[in-house]
Amino acid sequence: MGGWGQAVSLDIEERGDRLVVTLNRPEKRNAIDAEMVSALHDVCARLEREPRLLLLTGGSEGIFAAGADIAQLRERGRLDALAAINSAIFARIRALPLPTVAAIDGPALGGGAELTYACDLRVCTERAVFGQPEVRLGILAGAGATHRLPALVGEARAKELLFTGRRVNAEEALRIGLVNRTVADPADLLGTAHGLLDEIAKASGLALRLTKLAVDAPPGAHPQLDLVSQAVLFEDEEKRRRVTDFLDRKGR
Ligand code: COA
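Read on for a plain summary of the structure.

Conventions adopted
Residues numbered from 1 in each chain as written. Predicted model: local features only at pLDDT ≥ 70, side-chain atom pairs only at ≥ 80, totals over all residues. Heavy atoms only, no water. Axes fitted to C-alpha atoms, helices over the stretch in contact; angles between N-to-C directions. Helix = DSSP H or I, 4+ residues; strand = E, 2+ residues; numbered from the N terminus. Parallel < 35°, antiparallel > 145°, perpendicular 65-115°, else oblique. Left-handed = near helix turned anticlockwise from the far one by under 90°. Contact = heavy atoms within 4.5 Å. Nonpolar A, V, L, I, M, F, W, Y, C, P; charged D, E, K, R; others polar. Buried < 20%, exposed > 50% of the residue type's maximum accessible area, 1.4 Å probe, protein only. Arc of directions from axis to C-beta. Salt bridge = Lys/Arg side-chain N within 4 Å of Asp/Glu carboxyl O. Polar contact = N/O pair within 3.5 Å; in protein donor to acceptor, adjacent residues only side chain to side chain. Near = heavy atom within 4 Å.

## Description of the packing of helix α6 (residues 145–153) against helix α7 (residues 155–164)
Working step 1: Between α6 and α7, whose axes approach to 7 Å, the crossing angle comes to 135 degrees. Between α6 and α7, the angle falls in the class oblique. With respect to the hand of their crossing, α6 and α7 are arranged in right-handed fashion. Residues A145, T146, L149, P150 and V153 of α6 form the contact with α7, whose own contacting residues are E155, R157, A158, L161 and L162.
Working step 2: Tallied by class, the residues present in the contact of α6 with α7 amount to 7 nonpolar, 1 polar and 2 charged.

Below, the structure is given as structure tokens:
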């Protein structure tokens with residue numbers, strides 16, 4: 001589509017208040033290679049300039065992403081690791097101004113799972129599986145799992161998953177808080193993710209941005225960050241309008 005350059009490994013659809021980004025490298029099970037990382041950086045640059053919601057998916061054909069491209073991984077050395085190729089793009093996605101939802105159908109493994117943790121919320125089908133097999137490949141899950149997975153499921157569960165590489169199915173993922181919703185029929189996956197984004201889209205954009213910043217801030221930033229954010233919102237024109245609309249509806 002126009003304006004998106006050579007993003008062959010991503011499909012990008014613009015839909016008013018949101019972008020729908022679909023990983024599109026099915027022949028390699030959406031393995032995340034340098035070209036896909038570069039295309040994701042282009043998406044982030046655009047969303048940083050023009051904040052919108054993001055739905056990130058592998059589609060509903062039974063794969064989210066098989067992780068970092070193992071062929072590229074084999075050739076990478078210590079300087080490549082320090083270049084933070086995947087961890088930097090996942091951190092950039094995490095820091096996007098407005099909420100992001102990952103929609104997962106099928107395996108999300110290694111860096112593919114970490115890409116879903118980089119999003120704010122996750123919706124999956126019953127055939128989704130999450131796993132961190134890195135230690136079996138002699139490496140560390142270095143693109144966010146060591147800190148984002150414990151934050152999602154607790155330290156002990158995260159360590160078990162990181163130490164064993166055990167795969168988590170959709171039912172367990174829902175039970176342990178790794179995903180927000182599951183859907184039985186893959187055909188309903190994107191509709192459910194859009195429904196969640198529709199609910200989010202009813203909120204004030206500035207309130208969403210500041211809420212996301214506050215939730216993702218380090219513990220030491222509270223309560224000061226919350227106070228300053230609320231001070232900004234209390235004087236925001238949209239707050240006045242929304243609160244007035246509410247009171248008018250109640251006839252007060
Ligand atoms: N990197 C690069 N290529 C990958 C890949 C990865 N992470 N995962 C899959 N592929 C490639 C395969 O090499 C194969 O390529 P080929 O057709 O040129 O031989 C193609 O994608 C299809 O893979 P295949 O294993 O046949 O598909 P499947 O549907 O039977 O299984 C998976 C899908 C995701 C379960 C399986 O591919 C898998 O376990 N991949 C590795 C996951 C992993 O360990 N990731 C961690 C990386 S840190």
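Don't stop here, the text continues.
## As for helix α4 (residues 85–94)
Working step 1: Turning to α4, its buried residues are N86, I89, F90 and I93. Down the axis, α4 shows its buried residues gathered within 100 degrees of arc, on one side only.
Working step 2: Looking at the buried side of α4, the elements it contacts are α1 (34–49), β4 (100–104), α5 (111–118), α6 and α10 (205–216).

## Re the environment of R249
Working step 1: Tracing the backbone shows R249 in helix α12 (residues 237–249).
Working step 2: Residue R249 is classed as exposed on the basis of its relative accessible area, which comes to 66%.
Working step 3: Once the C-alpha coordinates of R249 and G138 are considered, the two residues, 111 residues apart in sequence, prove to be 61 Å apart.

## Concerning the pattern of salt bridges
Working step 1: In total, this model carries 23 salt bridges according to the counting rule given.
Working step 2: Of the charged contacts in the structure, one is a salt bridge between R46 and E14, with a shortest N-O distance of 3.2 Å. Here the residue R46 occupies a position in helix α1, and E14 occupies one in strand β1 (residues 10–15), the gap between them amounting to 32 residues.
Working step 3: Residue R46 is classed as buried on the basis of its relative accessible area, which comes to 16%.
Working step 4: Residue classification places E14 among the partly exposed residues on the basis of a relative accessible area of 30%.
Working step 5: Salt-bridge contacts for E172 lead to R166; the nearest nitrogen and oxygen are separated by 2.9 Å.
Working step 6: By relative accessible area, E172 is classed as buried at 13%.
Working step 7: Since its relative accessible area comes to 33%, R166 is described here as partly exposed.
Working step 8: Residues joined in a network through salt bridges with shared partners are E14, R46, E50 and R52.

## What to know about the side chain of S229
Working step 1: Inspection of the secondary structure puts S229 in helix α11 (residues 224–234).
Working step 2: Residue S229 is classed as buried on the basis of its relative accessible area of 10%.
Working step 3: One polar contact links the side chain of S229 to the main-chain carbonyl oxygen of L225, over a distance of 2.8 Å.

## Topic: the site of the ligand
Working step 1: Around the ligand, the structure places E27, K28, R29, A31, A66, A68, D69, I70, L109, P133, L137 and R167.
Working step 2: Between the ligand and E27, the relevant distance is 3.4 Å, taken from an oxygen atom to a main-chain nitrogen or oxygen of the residue.
Working step 3: A68 is positioned such that a nitrogen or oxygen atom in its backbone is 2.9 Å from a nitrogen atom of the ligand.
Working step 4: Considering only residue class, the shell around the ligand consists of 7 nonpolar, no polar and 5 charged.

## Topic: α6
Working step 1: Buried residues of α6: A145, R148, L149 and V153, and no others. Taken end-on, α6 shows its buried residues confined to a sector of 110 degrees, consistent with a single buried face.
Working step 2: Along its buried surface, α6 packs onto α4, α5 and α7.
Working step 3: Two residues or fewer after α6 comes G154, characterised by a positive phi angle close to 95 degrees.

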